[in-house]
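# Inside the fold
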Amino acid sequence: MKAAHEGPLTFAQIKPNEGLRAALEKKRPDVVAEISRSGLRGRGGAGFPTGVKWNLAGAATGEHKYIVCNADEGEPGTFKDRVILSQYADLVFEGMTIAGYVVGAATGIVYLRAEYTYLLPHLESVLAQRREHGLLGHNILEKGFDFDIEIRLGAGAYVCGEETALIESLEGHRGEPRNRPPFPVDTGFVRRPTVVNNVETLAWAACILARGADWFRGFGTEKSTGLKLFSVSGDCERPGVYEFPMGIPISELLEEVGGRDAKAVQIGGASGHCVPRCEFHRTIAFEDVATGGSVIVFGPQRDMLKVARNFLEFFTEESCGQCTPCRDGNPKLLEGVRLLEQGRCSMRYLRDLIALGETMQVASKCGLGQSSPNAFLSIVEHFPQEIMGRTPQTV
Amino acid sequence: MLVTERERLNEELRELAEQHGRARAALLPMLQHVQRKYNHISAYTMQVIADLLEIHPVEVHSVVSFYAFLGDRPRGRFVVRLCRTVSCDLAGKDRIARQLENDLGIPFGQTTGDGMFTLEWANCLGMCDQGPALLVNDRVYTGVTAQKVHEIIEECRAEFGLHALRKEEEQRA
């Protein structure tokens, strides 16, 4: 793992359980206020303000509430959560405990994707240690607060990263997203108020309590505060996990990772956007190019149509099949990409495909469907010279 | 299935259901247990689980068919899942795929005749900076090369059957 501008990663500098101790000293509303003031927004990609989420769940009535850690990191090109869980699991559990204290929950659940089953023994041992040290279980740090965490495994479904699908899966159903509202903060796991936060969000929450909201606000932009981990892969010299402040220009990030000659960068994984070289001055932030942390670099030699096909194959496979725009739209777009590859697609049909993609963006039920045509649309928009009038490749 | 075998399975599933509290939320952990142990979830098992949790067997089947890591067709002892998502694709997963098919003698989606290996695609294993990556059951391999494919497969074979016996003997000697 590499931090931006040298020096160790923030997660490595935070003293263990400093955030938790600080939080338990405070009154609940003060902890929420601190998180709200820091401007922390969901690090999984959607960017929902964490303080607002905790506040809503805290205000919801219900005897039992749940804190769910979304460790179903399935976005293509994202692996920061795996690194956090294998190196800084304590920080994540600390964040969950703080959230439990704030919201008034006694149970935390980590939804770990099946592909990361090998992390399970490590995580269980960290939990056991925390229980031993009085950081989990009954009467935490002798403050009269009870909280415990269990780990549940996923079973191989990308869509379960969507919070309502994740809850469906926890309840023993197919991972099909629910209609919202009601939102999980009042009607979540087994219809009880539930906070679903990404792994990284929880870790940052613990850091913010340890260092203060002002420290966090010192990084990033007005609307996208703080630091963020980025998973960088593809055609660059130094792929890996990086820590950068939000609002970093794409060109600067590429400089750091050794991807100077890239012709395009996919920001935000399969559901994100493909940014061409001429737009590398844009910044990575919620108000410009949003991301959950996935950065895939494409070198000058790459065939962008093949990239589009790969993403559409992914969505065709991972669509839960519940709503028509996503279930039928993605195979149709994929078929269109195959026509383009064979050089048999008319301009008129391509326009129809673009219109279909735009329909999917507005008509799909959940984030997966709404964002599934993004990559295709941005590649068609930015690389028209590459995709039209091709001569079929004989393989 | 033998009657005694059924009875044993019934008993096992009943205990499992008790352990997870007999609620609908117990379904996935139960199915995961069965999948891990028997490499598939049979129609009979689904029926028993449905009875235990008091839901329709179709509900159980709908869940089994939804998740990529669950299934009603017997998988091999070793399930090899090659990541096909974009970063691993850029890193050259096509060659690894070809080599896996050649070395195992089966196309993707199938199981070898001896029930040892199943070859499948996976969607993003979260090893994008170290591709191409593949999973063998819960074990992850990164930076896989076509040459390494053979070693990985032999490593698996060495864990079972005659190979394992021979290895044990060697260690004893």
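These numbers come from a predicted model, not from an experiment.

Attention now goes to the overall build of chain A. If you tally the helices and strands in chain A, you get 17 helices and twelve strands. Against the compact-globule benchmark of 21 Å for 395 residues, chain A has a radius of gyration of 21 Å, which places it among compact chains. Counting only C-alpha atoms and orienting by the principal axes, one finds that chain A spans roughly 70 × 45 × 35 Å. Within chain A, the fraction of its 395 residues that count as buried is 56%. Nonlocal contacts in chain A, meaning residues at least 24 apart in sequence, comprise 71% of its contacts between residues at least 6 apart.

Bringing the overall build of chain B into the picture now. Across its full length, chain B holds eight helices and four strands. Listing the helices and strands of chain B from first to last along the sequence gives α-α-α-α-β-α-α-β-β-β-α-α. Each of the three principal axes of chain B carries a C-alpha extent, and together these read 50 × 45 × 25 Å. Residues classed as buried in chain B amount to 37% of the 173 residues present. Relative to all contacts within chain B whose residues are 6 or more apart in sequence, the contacts with residues 24 or more apart total 59%.

All names here are of chain A. Split by domain assignment, chain A resolves into domain 1 (2-217), domain 2 (227-298) and domain 3 (304-387). Measuring from the centre of the C-alpha atoms in domain 2 to the corresponding centre in domain 3 gives 22 Å. Mapped onto the side of domain 2 that touches domain 3, the elements with two or more residues apiece are β9 (264-267) and β10 (273-276). Sorting elements by how many residues they give to the side of domain 2 that touches domain 3 places β10 first, with three residues. Its residues placed into classes, the side of domain 2 that touches domain 3 shows five nonpolar, four polar and no charged.

Now for the sheet that holds strand β3 (residues 107-112) of chain A. Residues and elements named next belong to chain A. Here we have four strands laid out as an open sheet, ordered β4-β3-β2-β5, and parallel in their pairing. Where the open sheet ends on each side, the last strands, each with one partner, are β4 (148-153) and β5 (194-198). Each strand of the sheet is rotated relative to its neighbour by a mean of 20°, with strand direction disregarded. Pairing between β3 and β4: six bridges, direction parallel. Paired with I109 across the two strands is E150, which belongs to β4.

With that settled, consider the packing of helix α6 (residues 89-103) of chain A against helix α9 (residues 199-211) of chain A. Residue and element names in this part refer to chain A. Running from N to C, α6 and α9 cross one another at 75°; their axes reach a closest spacing of 7 Å. If you check the angle between α6 and α9, you find them roughly perpendicular. Within the contact between the two elements, α6 uses L91, V92, E94, G95, M96, I98 and A99 and α9 uses V199, L202, A203, A205, A206 and L209.

Parsing chain B into structural domains produces domain 1 (3-66) and domain 2 (78-166). Placing a centre on the C-alpha atoms of domain 1 of chain B and another on those of domain 2 of chain B gives a separation of 29 Å.

Residues and elements named next belong to chain A. The side-chain alternation of β9 yields two buried faces, one formed by A264 and Q266 and the other by V265 and I267. Relative to β10, β9 runs antiparallel, the two being bridged by four bridges. The partner of I267 across the bridge, within β10, is H273. From the end of β9 to the start of β10, which pair antiparallel, there are five residues, and G268 there has a positive phi angle of about 95°. By the bridge criterion, four bridges tie β9 to strand β12 (residues 294-298) in an arrangement that is antiparallel. The residue bridging I267 from the neighbouring strand is V295, located in β12.

By size, the foremost hydrophobic cluster in this structure holds 168 residues, and its most contacted members are V92 and A203 of chain A. Beyond its immediate chain neighbours, meaning those up to four positions away, V92 of chain A contacts C69, I84, L85, V199, L202 and A203 of chain A.

Before going further, it helps to spend a moment on the interface of chain B and chain A. How big an interface is tends to be stated in terms of accessible area lost as the parts join. In this assembly, 30 residues from chain B lie in contact with 38 residues from chain A. When contributions to the side of chain B that touches chain A are tallied by element, the ones reaching two or more residues are α2 (27-38), α4 (57-66), α5 (86-90) and β4 (139-141) of chain B. Among the elements that line the side of chain B that touches chain A, the one with the most residues is α5 of chain B, at four residues. Split into classes, the residues belonging to the side of chain B that touches chain A amount to 19 nonpolar, six polar and five charged.

Attention now moves to helix α12 (residues 304-318) of chain A. For α12 of chain A, which comprises 15 residues, the first-to-last C-alpha distance of 21 Å matches the rise-based estimate of 21 Å (1.5 Å per residue) to within 8%. α12 of chain A sits mainly inside the fold: twelve of its 15 residues count as buried. Listing the buried residues of α12 of chain A in full gives M304, L305, V307, A308, R309, N310, F311, L312, E313, F314, F315 and E318 of chain A. Looking at the buried residues of α12 of chain A, the elements they touch are β9, β12, α13 (324-341), α16 (374-382) and α17 (384-387) of chain A together with α5 of chain B.

The next thing to look at is the pairing of strand β2 (residues 66-71) of chain A. All names here are of chain A. β2 sits mainly inside the fold: six of its six residues count as buried. Of the two faces of β2, the one lined by Y66, V68 and N70 and the one lined by I67, C69 and A71 are each fully buried. Relative to β3, β2 runs parallel, the two being bridged by six bridges. Residue pairing in the sheet places C69 in a bridge with V110 of β3. Relative to β5, β2 runs parallel, the two sharing five bridges. Bridge pairing links I67 to V195 in β5.

Here we take up the confidence of the model for chain B. Per-residue confidence for chain B gives a mean pLDDT of 93; residues scoring 70 or more make up 97%. For this predicted complex, the interface confidence reaches an ipTM of 0.92, while the overall pTM sits at 0.94.

This part takes up unusual backbone geometry. Here the bond from P181 of chain A into P182 of chain A is cis, since omega is 5°, no more than 30 degrees from zero. Within the fold, P182 of chain A resides in the loop between α8 (163-170) and β5. At the junction of G131 of chain B and P132 of chain B, the peptide bond is cis and its omega measures out at -5° in the coordinates. By the element assignment, P132 of chain B lies in the loop between β2 (117-122) and β3 (134-136). Phi angles above zero are rare outside glycine, and L141 of chain A is one such case at about 50°.

Thresholds, definitions, all that
Residues numbered from 1 in each chain as written. Chains lettered and ligands numbered in written order. Predicted model: local features only at pLDDT ≥ 70, side-chain atom pairs only at ≥ 80, totals over all residues. Helix = DSSP H or I, 4+ residues; strand = E, 2+ residues; numbered from the N terminus. Rg over C-alpha atoms; globule rule 2.2 N^0.38 Å. Buried ≥ 20, exposed ≤ 12 C-beta atoms within 10 Å, placed from the backbone. Contact = placed C-beta atoms within 7 Å. Domains from an automatic or database assignment. Nonpolar A, V, L, I, M, F, W, Y, C, P; charged D, E, K, R; others polar. Pairing = 2+ DSSP bridges. Axes fitted to C-alpha atoms, helices over the stretch in contact; angles between N-to-C directions. Parallel < 35°, antiparallel > 145°, perpendicular 65-115°, else oblique. Core = buried A, V, L, I, M, F, W, Y, C linked by C-beta atoms within 7 Å. Expected span 1.5 Å × (residues − 1). pLDDT = per-residue confidence, 0-100.

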